[in-house]
Structure formats: C-alpha cells, structure tokens
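# Results of the structural survey
Each chain is listed here by its residues.
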Amino acid sequence: MELAALPVELLDAILAPLAPNSSTLAAVALSCSALNPSATRLLYRHLVLSEYAHNLSVIHLLAVRPDLAKLVRTFSVSLNDAEPAVLPTYSDLQRALARMTNLTSLALYVDASASWILSPPLVQKSQKGSILHPDAPFYPRLEHLTCNFPLDAHLAAFLGHVPSLISLQLSSLFSDADVQSEPEPAHVPSSHIPLLAQYIGPAHVLPTLSSRPLTAVHLSGDLTLDLLPTTSAPSAEEAMPHLRDTGASADHSPRAGSEPETDTGALLQVMSAMTSAPPAPLLETLALAYPNLRCLRLMTTRALFDLPDLAFYTSIADTLATLPHLTSFELSGMHWHPRPKAEPAASAKKEWVSPPVSPRPAQLPPPDVDDGEPRDYDFDGAFLDWSY
C-alpha cells in the first residue's frame, strides 16, 4: 500500500514520536511528498524560539507564511530586552501573531514596552497611500497567556479576543521602589476573558479582574487593603448565574448588558501574596472577600517578632476559624495548623494553632570538666530560638 493511501490520522501517529526532533521532522518533510503535510504540521505545532536556540528566523517565516502560522498551537519566544522594540524582529512578530489564530498557549518574553505587537499591524494601500486599520484577529482556542507587559490599552484590547482564556500571567514594569509611578491598569470590560480561573501578576490588577471566576491567584508587589473588596462576597450559587450570562458570542462580539460587575470572590480557593499592611486587619478583609479559601500564603514586610502578644495571635486564629474550607495557612514562613476543638459540641469545627514564638535561650553546651572556670560567652542573649 502506498503512503498516500494511508489515512492522515495514521500518518500523524507514525510521525508523532519524531516531534521532539525538529531536524528529523524537517528531513522527513523534504524527503517524501506523501509525508510532507503530516511532518509540517508536527514541525510547527509547538514552537519555542529564542536567540540562544538560534531559531528566531522562524518568526519572519511565520509572518510571510500564513499557512504555516495557522498550524502553530503553542508558541513561546524570548527576545533580548536590551534590543530596541523598533527592530524588524518585533514587526515580524506582530504580523506572525496576527496569523497564529489557532493558538492554545502563548508566552511572550520580550521587551516590556513592546505591547503594541498584540495589536494588528497597520496596512498601507499602495495607490493612495492611506493606512487601513484591519480587524483584530480572534483567538478562540487560546487558554494560556504569559507575557511581561503591563495591563495597558494594547493588552486590554487583546484580552477582548481570547474568550477561552483560563490562565493569565503578567509581569510588572516597575520595581517596588517605583510602584507609585506605575500607571493604572487599563479597564477590561466584564465580557472579556469570562472564563479566567488563574491569575499570576501584580496585585494592583486584582480589582480589574474581580468579576472573573478566579480560583487561584499568585500576586506580586504589595497587596494593600484598598485593593480588596470591603463587603462580603456573594455565595458561589449567586455568582454562577452571572458567569453564565457573561461571555462572547459566536460572532466575536461581547454580549451587551449594562449590569454592574458581580464580585466572584466566593470562588477563590488559593491565594499567595506579599503585603506591607498589618497582618490582622488584612486577614480579616481577605476572609470577608474570599470566604471559601483553602490555601492562603501571606508574606509580610512587617517584623512579626515585634508583635508576639497574645491578642495578636488570638485575632489571627479567630479570623482563620471563620474560613470553614481553609486547610493550609502560612504567615511569613510560619505554618499554622488546624486541629479539632476540644468541646464535644464543636467537634465539626476546628481551631488554628500558631507555631511557638516565645523566645527562649538556646541550650549551651556544658562547661568543659577540665576547665574549672565558668565560661562567659558574653553575647547578651544573642542565642535566641524563635522556633519559626
């Protein structure tokens, strides 16, 4: 039987083991016309491009070959941040992204000021010289997006064309020292990214995503009290009808509606953040905004050994007890542990126990029996074990 007579699915399965070896797949594509379509699909399905791998020329190829760009499913590219964003590579990347409409995963590790590559390239007519603004490409399959862009107008517009996105990872342009000069995140309508379940990125973007069904967030930067809701979140039963009514229609346009955004904090289960706010008030606000948390990790810039009084730890324990589904809590490296309450009537409830924080002198080795004089280390209690 000739290879051309075999089903396409069978040819794909035969060549699938060669997928990790791009050079072998390229040789197969050039050696047999019957195997060329299957080998080409596998060759461009998953692309990881970088200057280190010496394969950045593929960007230009995708920019001029729309047929190859549509074969790409996962795409990751790393460009040197020191390179100016006006290099032809960035323009080629902009055109290639506009053609890769079948992506399921996209990772862009490029110049943080080059978010314009997410917008469709302008088209200039040759006769009159006028510039056309083409329609933005639509990415119905894209589920994972990673980039080091801030949430500006370009990224916000791009998020309006990825209705299936479930994971978003962003980076911040600014360090903690320059956080005051960081621009406000662009507005993202509630109809955009209606399925977003995981967010990793700057804490100041969290209010913009409050109406999404987030189940896990890992925040960088400073999580302050003003970034959190001040009212209790609606129950999951109240939030789900709103989620079903929000989304993009089949013609790529957001569903119309003037209803205010609904807080879906009741769906959040995993949270990790860093804060400069007082731990006790912040934890109370978190418990109010996200009542169904299961895992919570807070890193604070405050020195907790300055607050070892009983009232502080009692306040933390009482707040944790209001979170019925919480199973793991860490505060600046201190792991709190739940245990059933001693009262029989409250057997279904649990209380949270902090690790020992009372300083105690470390046990010094016994004096040398051959030395009759007592040793004086003279460290003035420097050997203190805080048992973190």
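Reading the values: the criteria
Residues numbered from 1 in each chain as written. Predicted model: local features only at pLDDT ≥ 70, side-chain atom pairs only at ≥ 80, totals over all residues. Heavy atoms only, no water. Helix = DSSP H or I, 4+ residues; strand = E, 2+ residues; numbered from the N terminus. Buried < 20%, exposed > 50% of the residue type's maximum accessible area, 1.4 Å probe, protein only. Contact = heavy atoms within 4.5 Å. Areas by Shrake-Rupley, 256 points an atom, 1.4 Å probe, with all protein chains shown as cover. Phe/Tyr/Trp six-rings, centres within 6.5 Å; stacked < 30°, edge-to-face > 60°. Salt bridge = Lys/Arg side-chain N within 4 Å of Asp/Glu carboxyl O. pLDDT = per-residue confidence, 0-100. Pairing = 2+ DSSP bridges. Axes fitted to C-alpha atoms, helices over the stretch in contact; angles between N-to-C directions. Core = buried A, V, L, I, M, F, W, Y, C linked by side-chain atoms within 4.5 Å. Arc of directions from axis to C-beta.

A count of helical and extended segments in the chain gives 10 helices and 16 strands. Residues classed as buried in the chain amount to 39% of the 388 residues present. Considering only residue pairs separated by 6 or more positions, the chain has 62% of its internal contacts joining residues 24 or more positions apart. Counting only carbon and sulfur atoms, one obtains 57% of the accessible surface of the chain, whose full area is about 21200 Å².

Okay, the packing of aromatic side chains next. Inspection of the entire model under this criterion finds four aromatic pairs. Relative to Phe158, the ring of Tyr139 has its centre 5.2 Å away and its plane inclined at 50°; by these criteria the two rings are tilted. Taken together, the residues Tyr139 in the loop between strand E5 (131–132) and strand E6 (144–147) and Phe158 in helix H7 (residues 153–159) connect sequence positions 19 residues apart. Classification of Tyr139 by relative accessible area gives buried; the value is 2%. Taken together, the aromatic side chains of Phe312, Tyr313, Phe329 and Trp336 make up a single cluster linked through ring pairs.

When the charged atoms of two side chains with opposite charge come close together, those side chains can pair. What the rule picks out here adds up to five salt bridges. For Asp92, the salt bridge goes to Arg95, with nearest N and O atoms at 2.5 Å. With a gap of three residues between them, Asp92 and Arg95 both fall in helix H6 (residues 88–99), about one helical turn apart. Glu351 is paired through a salt bridge with Arg339; the nearest N and O atoms lie 3.0 Å apart. Taken together, the residues Glu351 in strand E14 (residues 350–353) and Arg339 in strand E13 (residues 334–340) connect sequence positions 12 residues apart.

So, about the confidence of the model for the chain. Averaged over all residues, the pLDDT of the chain is 80; the fraction at 70 or higher stands at 72%. When the criterion is pLDDT under 50, residues 247–260 qualifies, and its contacts beyond four places in sequence or with other chains add up to 15 contacts. Throughout residues 381–388 the model reports pLDDT below 50, and contacts reaching past four residues in sequence, or to other chains, amount to 19 contacts.

Another aspect to go through is the sheet that holds strand E11 (residues 295–300). As summarised here, the arrangement of the 12 strands in space is E1-E2-E3-E6-E7-E8-E9-E10-E11-E12-E13-E14, forming an open sheet in which the pairing is mixed. The open sheet has two edge strands with one neighbour each: strand E1 (46–50) and E14. Neighbour-to-neighbour, the strand axes of the sheet open up by a mean angle of 10°, direction not taken into account. Here four bridges tie strand E3 (residues 105–109) to E6, and the two strands are oriented parallel to one another. Across the sheet, Ala107 pairs through a bridge with Thr146, a residue of E6. Those strands touched by helix H4 (residues 57–64) are E1 and strand E2 (74–78), and its axis lies near 130° from that of E1.

Ranked by size, the top nonpolar core spans 80 residues in total, and within it Leu62, Phe75, Met271 and Phe329 carry the most contacts. When residues of this core are assigned to their parent elements, the largest contribution, six residues, is made by helix H9 (residues 279–289). Every residue in contact with Phe329, bar those within four places of it in the chain, is listed here: Leu283, Leu296, Leu298, Ile316, Leu320, Met334, His335, Trp336 and Trp352. Among the nonpolar cores identified, the runner-up in size contains nine residues, and Leu6, Leu25, Val28 and Leu35 belong to it.

This part covers helix H1 (residues 8–15). Taken together, the buried positions of H1 are Leu11, Asp12 and Leu15. Take H1 and look down its axis: the buried residues cluster within an arc of 100°, on one side only. The inward-facing, buried residues of H1 abut helix H2 (22–31) and helix H3 (36–45).

It is a general feature of regular strands that their side chains alternate between the two faces of the sheet. Judged from the three bridges that link them, E6 and strand E7 (residues 167–169) form a sheet pairing that is parallel. For Leu145, the partnering residue across the bridge sits in E7 and is Leu168.

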